[in-house]
Amino acid sequence: MERVTENYVRDFLRELKYYEPDNHITIEEQKSEIKKIKKLLSKASKTGSLNAGYPEFVVTTTLDYNFIIVFECKSDPRNHSSKDRNEPVKYAVDGAIHYAKFLSKEYTVIAVAVSGTNESNIKISNFLIPCGSDSVKEFCNESGYIVDKILPFDDYYRLSAFDPEVERRRHQDLIGFAKDLHEFIWTSAKISEEDKPLLVSGTLIALMNQAFAKSYRNYSAEDMPDYWLDAIKRELDTAEIPQAKKNTMLQPYANVATQPNLGKPDSKLAKKYPQGVLYEIVNEINENVWPFISVYHNFDVVGHFYGEFLKYTGGDKKALGIVLTPRHVTELFCEIANITKRDKVLDICAGTGAFLISAMQAMLKTAVTTDEINDIKRNRLIGIENSPKMFALAASNMILRGDGKANLHQGSCFDNAIIDSVAKMKPNVGFLNPPYAQAKSDSELHELYFVKHMLDHLSVGGTGVAIIPVSSVIKPSLAKHEILARHTLKAVMSMPGELFYPVGTVTCIVVFEAHTPHEESKKKTWFGYWREDGFVKTKHMGRVDLNHEWQVIKDKWIEAYRNNEVHPGESVTERITADDEWIAEAYLETDYSLIEKRDFEEVVKNYALFNIMNEV
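All values reported here derive from a predicted model rather than from experimental measurement. (Residues numbered from 1 in each chain as written. Predicted model: local features only at pLDDT ≥ 70, side-chain atom pairs only at ≥ 80, totals over all residues. Heavy atoms only, no water.)

Describe the overall build of the chain, with residues and values.
Along the backbone of the chain there are 25 helices and 17 strands. Whereas a compact globule of 616 residues would reach a radius of gyration of roughly 25 Å, the chain reaches 27 Å, a difference of no more than 12%. By principal-axis analysis of the C-alpha atoms, the chain measures approximately 85 × 65 × 50 Å. Looking at the chain as a whole, 54% of its 616 residues are labelled buried. Pairs at least 24 residues apart make up 70% of the contacts formed inside the chain by residues separated by at least 6 positions. Positive and negative charge centroids in the chain, built from 74 and 87 side chains respectively, lie 3 Å apart. (Helix = DSSP H or I, 4+ residues; strand = E, 2+ residues; numbered from the N terminus. Rg over C-alpha atoms; globule rule 2.2 N^0.38 Å. Buried < 20%, exposed > 50% of the residue type's maximum accessible area, 1.4 Å probe, protein only. Contact = heavy atoms within 4.5 Å. Lys, Arg positive; Asp, Glu negative; His and termini not counted. Charge placed at Lys NZ, Arg CZ, Asp CG, Glu CD.)

Given below as C-alpha cells:
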C-alpha cells in the first residue's frame, strides 16, 4: 500500500512540472547518485544500524547545490506523526525529519511527510531544517500560515530562503565564497583590486544570457573572454540601455576581458585549470552566487563583493574616500523617509547602487499592479555616479533586478547637464553617502556641499537623508550656513562608532526638509542617540546581527523619530543654528541612575576613536 502513496506523490510532482526536461531539477527514488548525499546518508538507516538509508524521493537542483527536498511516505494516515517525532520506522513525519537531520549538515532541507492513499485521507506536512542547524521548523508561507500541501519547486525554494536562519547561513556562505574568490583571482587572474568586482558583476550579467549560461562549459580557454563579453553586450541590448550609457558601461568590462591570464594562462595555470581561469570563475559564481542573487533581490551582492575585495586593498582605506553603506543602514533610510510607490528617489553618489536597490524593494512592497511595478523600475529610481567603473557596477546591479531602464547617469553630480536632466524628473526623496573628504574646508569636497547639492534638486517639501562624518556637523563651516538658509534640519542621529568597520569613520545621519529655510520653519531639531544597533563585530564576517536584536532596535528608533519622542539619554529636541553643534551628545539629558562602568568605558573609547579618525 505504501507504493500507492508514492504513486500519488509522483503524479503530483509530475503535475507540478518537477519532471519537465531542462528545468534544473533532478528526482531520485530510494537512492542517490550524488556523492555528497550518499556520504551523508551512509549511516542513516531508520532502524538504528550503521547502514545507509534513503527517503522515498530526493529532489535536488543545479541552481543551488546546497538545497534539497526529501519525501517520506506512509500509506496509513494514522502513521503520519508520532507525538515526539522520534519513531522514523513507523511514521512519515518522523522518517522525513530523520533523513533531513543527516542532510542538514551540508544542505538546507525541506522535509515533506505524506501519508494516505487518496484525496479523502491524504495528510501532508512540510518542515524546514536550515543548513548547519538541528532546528526543525514548520514550513510556512509569506503570511505565516503552515503549508499543508506539496508546492511547486520554485515556491519551496523561495519561501525557504526567507527563513532568518537560512538567510544568515547563505549570507555566511557568500562571505566565505567572496574571500575564496578574492584569493583565487589574486593568485591566478592577476587582476587589479578595482577590476575584481567588475569581473563578478560582468559574470552575473553574462549568466543572465541563456545561451552563455548553457554553453560556457564548452568554450576553450582562449575563446571564453570573447564569449563572456559578447554575452554582456547581448544582455545590455536586451535591457534597452541608451547607446551612450551602454558604451560607458561596456568599456570597463572590455578592459577586464583583455586581461591576459583570463584567456591564455601561463603553462602552470593551464595545467591546473585546463579550461582556463575565467571558466573557473564563471563556474564558481554560477554555483555560489546565482542562487543567492536570484532570491535576495534586496541584497546588494555586487556591493558586497566590492566591499570584501576592498578589505585587501593596500594602504589606508580611508584615504580612498570609499565608505560603502551597510545594508541595514540603506533599509533604515527607507523607513526614515517612509518610502512608497509614489516617491522618486535620487542618489547623486550612487556607488554600487545600494540605496537605489533598497528603495526599489521598499517601493515594490507597496505596489499592487504590474503597471505600478514597471513604473517604479523605469521612472522612480535616479542615480548619478562619477566613476565609470562604479557606474558599471551600479547599472549591472539594477539590470540583475530586472531594471534595465533605471535613470542612472555617469558623470559628476555637479555637471549642469546631468543635474538639469535629474531635476526635470522632480525627485522628492534624496539618499546620500558622499565621498568623505580628508581635510575639512569650505571647498566643494566638503561632505555638506554634496548634501546641499542633493537638497537643492529635490522638489519642495522633499526629504533628504544623508550619512556623513560627525566632524562635518560639529565644526563651524560656511556649508552649514548655506544649507540652513534654504533647508530645514529635521533630525540628526548619532550612529555606532564602528558602523563602517573596518573603516573607522564615526558618522551621523542627517535628515532635511528641502526648500524651507530652517529659521522660517520655526521647528526644533530632533536628535537621536543611535549608537547601539545590536550588531557585533566578528572575526570573519565583520559586524553582524549576531543576537538578532536589530529589528526590535530599529522599530524603536523609527517610532521615536516619527513621533519626535524625547527620552533621557536617548533623544532630545533643540532649536539650533548653523553655528551650533548638530549632534545629540551636545544636548542630551543624562539619566545617571542608568550609567554603568561599561557605558563610561564605551564613551571614552568612542571619543578617542573620534579624535584619531578626524585629525586634520
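Account for helix 24 (residues 550-562), with residues named and values stated.
Along an α-helix, residues three or four positions apart point the same way, because every turn accommodates 3.6 residues. The terminal C-alpha atoms of helix 24 lie 18 Å apart, and with 13 residues this matches the ideal 18 Å at 1.5 Å per residue to within 8%. Where the residues of helix 24 are buried, they touch helix 15 (327-337), strand 12 (488-494), strand 13 (507-513) and strand 14 (525-529). Positive backbone phi, at 50°, marks Asn564, one or two positions downstream of helix 24. (Expected span 1.5 Å × (residues − 1).)

With reference to specific residues and values, describe the packing of helix 15 against helix 16 (residues 354-364).
Two elements in contact, helix 15 and helix 16, have axes separated by 9 Å at closest approach and are oriented at 50°. In terms of orientation, helix 15 lies oblique with respect to helix 16. Note on packing geometry: the crossing formed by helix 15 with helix 16 is right-handed. Residues Thr330, Glu331, Phe333 and Cys334 of helix 15 lie in contact with helix 16, whose contacting residues are Ala354, Phe355, Ser358, Ala359 and Ala362. (Axes fitted to C-alpha atoms, helices over the stretch in contact; angles between N-to-C directions. Parallel < 35°, antiparallel > 145°, perpendicular 65-115°, else oblique. Left-handed = near helix turned anticlockwise from the far one by under 90°.)

If you had to explain the sheet that holds strand 5 (residues 123-129) to someone new, which residues and values would you point to?
Here we have six strands laid out as an open sheet, ordered 1-2-3-4-5-6, and mixed in their pairing. Each of the sheet's edge strands pairs with one partner strand only, and the pair in question is strand 1 (25-29) and strand 6 (137-138). As paired elements, strand 5 and strand 6 share two bridges and run antiparallel to each other. Looking across to strand 6, one finds that Phe127 is bridged to Glu138. Taken strand by strand, helix 1 (residues 2-15) contacts strand 1, strand 2 (57-61), strand 3 (64-74) and strand 4 (108-115), and its axis lies near 140° from that of strand 3. (Pairing = 2+ DSSP bridges.)

Let's hear about the nonpolar core: which residues, and what values?
In terms of nonpolar packing, the biggest core is built from 130 residues, with Trp228 and Phe431 touching the most fellow members. Leaving out residues up to four positions away in the same chain, Phe431 has contacts with Phe333, Cys334, Ala337, Ile339, Val345, Leu346, Asp347, Ile348, Phe355, Ala359, Met454 and Val465. Core analysis: the second largest hydrophobic core is formed by 41 residues, Leu346, Tyr449, Val470 and Leu484 among them. (Core = buried A, V, L, I, M, F, W, Y, C linked by side-chain atoms within 4.5 Å.)

Can you break down the pattern of salt bridges residue by residue, with the values?
A full pass over the atoms with the stated rule returns 25 salt bridges. In this structure, the salt-bridge partner of Lys554 is Glu335, at a minimum N-O distance of 2.7 Å. Of this pair, Lys554 sits in helix 24 while Glu335 is found in helix 15, placing the two residues 219 residues apart along the sequence. Notably, a salt bridge pairs Arg486 with Asp456, separated by 3.6 Å at the nearest N-O pair. With Arg486 in the loop between helix 22 (478-484) and strand 12 and Asp456 in helix 20 (residues 447-456), this pair connects stretches of sequence that are 30 residues apart. Among the residues examined, Arg486 registers a relative accessible area of 39% and is labelled partly exposed. Residue Asp456 is classed as buried on the basis of its relative accessible area, which comes to 17%. One network of salt bridges, with partners in common, ties together Lys452, Asp456 and Arg486. (Salt bridge = Lys/Arg side-chain N within 4 Å of Asp/Glu carboxyl O.)

Mind laying out the sheet that holds strand 17 (residues 571-574), listing which residues take part and the relevant values?
Here we have nine strands laid out as an open sheet, ordered 9-8-7-10-11-13-12-14-17, and mixed in their pairing. Of all the strands in the sheet, just strand 9 (407-410) and strand 17 have a single pairing partner and so form its edges. Each adjacent strand pair in this sheet contributes to an overall mean axis angle of 15°, direction not counted. Contacting strand 8 (381-385) and strand 9, helix 18 (residues 388-399) runs over the sheet at an angle of about 165° to strand 9.

Before we move on, could you go through the pairing of strand 4 and cite the residues and values that matter?
Sheet faces and side chains relate simply in a regular strand, where the side chains alternate between the two faces. Along strand 4, eight of the eight residues are buried, which leaves the element largely enclosed by surrounding structure. Where burial is concerned, the two faces of strand 4 agree: the one with Thr108, Ile110, Val112 and Val114 and the one with Val109, Ala111, Ala113 and Ser115 are both buried. Running through helix 3 (residues 92-103), the crossover from strand 3 to the neighbouring parallel element strand 4 is right-handed. Summarising the sheet, strand 4 and strand 5 pair through seven bridges and their orientation is antiparallel. Note on strand 5: the bridge partner recorded for Ala111 is Phe127. (Right-handed = clockwise from strand over helix to strand, strands pointing away.)

Kindly report on the packing of helix 8 (residues 224-238) against helix 9 (residues 243-257), identifying the contributing residues and their values.
At a closest axis distance of 10 Å, the pairing of helix 8 and helix 9 adopts a crossing angle of 165°. It follows from the interaxial angle that helix 8 and helix 9 lie roughly antiparallel. Of the two possible hands of crossing, helix 8 and helix 9 adopt the one that is right-handed. For the pair helix 8 and helix 9, contact is made by Pro225, Trp228, Leu229, Ile232, Lys233, Leu236 and Asp237 and by Lys246, Met249, Leu250, Tyr253, Ala254, Val256 and Ala257, respectively. Taken together, the residues of the contact of helix 8 with helix 9 break down into 11 nonpolar, no polar and three charged. (Nonpolar A, V, L, I, M, F, W, Y, C, P; charged D, E, K, R; others polar.)

How would you summarise helix 1 if you had to cite specific residues and measurements?
Taking 1.5 Å per residue as the helical rise, helix 1 with its 14 residues ought to reach 20 Å, and the 20 Å between its terminal C-alpha atoms agrees with that figure. Among the residues of helix 1, Thr5, Glu6, Tyr8, Val9, Arg10 and Leu13 are the ones counted as buried. Of the surrounding elements, those touching the buried residues of helix 1 are strand 1, strand 2, strand 3 and strand 4. One or two residues past the end of helix 1 sits Lys17, with phi positive at roughly 70°.

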